[in-house]
Amino acid sequence: AVVSTQSTGRGLNYEEMSRWDTCGGRTYFFPKINTIYTGVPKTGCSNWIEALLRAEGELKGQLDPQKVRKVHGGLSGRHRLGASGSILKTYTNEDLDKAFSFAVVRNPWTRMVSGFRDKVSSEETQGGSFRGIGKGIVRMMRNITDERELDKLYPTFSEFARWLVIKQAHGSVDGHFAPQWKTLCTPRVKYDMVVPLEFSAKLIKTVWAQTGVKDIPILSSYDKTSDPRIQSSALKAKQWLMEIESETIEKLYKIYEADFLMMNYSNFTDPNFPLPLHGRNLNL
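Residues numbered from 1 in each chain as written. Predicted model: local features only at pLDDT ≥ 70, side-chain atom pairs only at ≥ 80, totals over all residues. Heavy atoms only, no water.

1. Concerning the pattern of salt bridges
Evaluated as defined, the whole model comprises 14 salt bridges. One salt bridge in this structure joins E147 and K135, with 4.0 Å as the shortest N-O distance. Of this pair, E147 sits in helix α8 (residues 147-150) while K135 sits in helix α7 (residues 131-142), and the two are 12 residues apart along the sequence. Its relative accessible area of 17% is what places K135 among the buried residues. Between D151 and K135 there is a salt bridge, with its nearest N and O atoms 2.8 Å apart. Here the residue D151 occupies a position in the loop between α8 and α9 (157-169), and K135 occupies one in helix α7, the gap between them amounting to 16 residues. When salt bridges with common partners are traced through the structure, they connect K135, R139, E147 and D151 into a single cluster. (Salt bridge = Lys/Arg side-chain N within 4 Å of Asp/Glu carboxyl O. Helix = DSSP H or I, 4+ residues; strand = E, 2+ residues; numbered from the N terminus. Buried < 20%, exposed > 50% of the residue type's maximum accessible area, 1.4 Å probe, protein only.)

2. Details of the packing of α9 against helix α12 (residues 246-263)
Closest axis-to-axis distance for the α9/α12 pair is 10 Å, and the angle between their directions is 50 degrees. On the basis of their axis angle, the class for α9 and α12 is oblique. The interaxial crossing formed by α9 with α12 has left-handed handedness. Contacts between α9 and α12 involve A161, R162, L164, V165 and Q168 on the former and, on the latter, T248, K251, L252, I255 and Y256. (Axes fitted to C-alpha atoms, helices over the stretch in contact; angles between N-to-C directions. Parallel < 35°, antiparallel > 145°, perpendicular 65-115°, else oblique. Left-handed = near helix turned anticlockwise from the far one by under 90°. Contact = heavy atoms within 4.5 Å.)

3. A short note on a negative patch on the surface
Residues E94, D95, D97 and D192 make up a contiguous surface patch of negative charge. Take D95: it is sitting in helix α5 (residues 93-97). The exposure class of D95 is partly exposed, given its relative accessible area of 30%. (Patch = residues over 30% accessible without salt bridge, like charges linked within 9 Å, V, L, I, M, F, W, Y side chains within 5 Å. Areas by Shrake-Rupley, 256 points an atom, 1.4 Å probe, with all protein chains shown as cover. Lys, Arg positive; Asp, Glu negative; His and termini not counted. Charge placed at Lys NZ, Arg CZ, Asp CG, Glu CD.)

4. Topic: the nonpolar core
Among soluble globular proteins, nonpolar side chains are generally buried collectively. Counting residues in each nonpolar core, the largest one holds 47 residues, and the members touching the most others are W109, M112, F157, F160, L241 and L252. The set of elements that each furnish at least two residues to this core consists of β3 (100-105), α6 (108-119), α9, α11 (232-242) and α12. When residues of this core are assigned to their parent elements, the largest contribution, 7 residues, is made by α12. The contact partners of M112, leaving out residues within four places of it in the chain, are F157, F160, L164, L241, L252 and Y256. Grouped together as the second largest cluster of nonpolar side chains are 27 residues, I49, L52, A55 and L203 included. (Core = buried A, V, L, I, M, F, W, Y, C linked by side-chain atoms within 4.5 Å.)

5. Focus on α12
In the structure, α12 departs most strongly from a straight axis at Y256, where the bend amounts to approximately 65 degrees. If you check which residues of α12 are buried, you get T248, I249, L252, I255, Y256, D259, F260, M262 and M263. Positive backbone phi, at 60 degrees, marks N264, one or two positions downstream of α12. (Bend = angle between axes of the 7 residues up to and from the residue.)

See below:
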């Protein structure tokens, strides 16, 4: 279930030395534990950053789950790579290449559903944080321009799916909805571990063993069950994707095809969806 970048990077030609200086601001370096982490949106990155800050000794206790998004601000800012950060002014590529590096990825279908639910849906527990985008989807898909009417409306998943197809064909979308490979630093770097989110509860001990710190619990998601096959985003993905016309499904798959191939993930029609094809036999 631990995916090495050698196996996920089929067809990729890696640099002889990892070029961490080419990574963006979603990649972090924690010098005390000598660890690099790339936080792909909608793969539990807020929870992983929170845990890494505790491992680094910069958080003394676990954050309130309702406040975990604070880790994307000043708490983690000085650990970011990228042109605007200070890490690359202090550490060279040679220094960073000696660090343990990892990223967490997720089945593209459940990630897409999670992005919809968290950012633009009407769900009271988590939806609507990208309200402007949500209203923009309704405006485009229903041709509604009255702002007072838009304030009351939220897109359906079908509208969101068709909007993704349109937006990807005419440019880019927010990183929470974009393919995961666009956030990962491959092939300019080779990660030591790529952890499927579906197995992160089991594999987090392997991550901590590499960092040399004691086991630190990671904040849980909205789902109470640890079996990814029956978590709400997986069940909703199966239901909602089957309700969308096949032409849209095919176009969506093409958008995320590189993620599916690089990470070897199952389709929503697979009995073991959303598990990686190579990890289907891991006991949950």
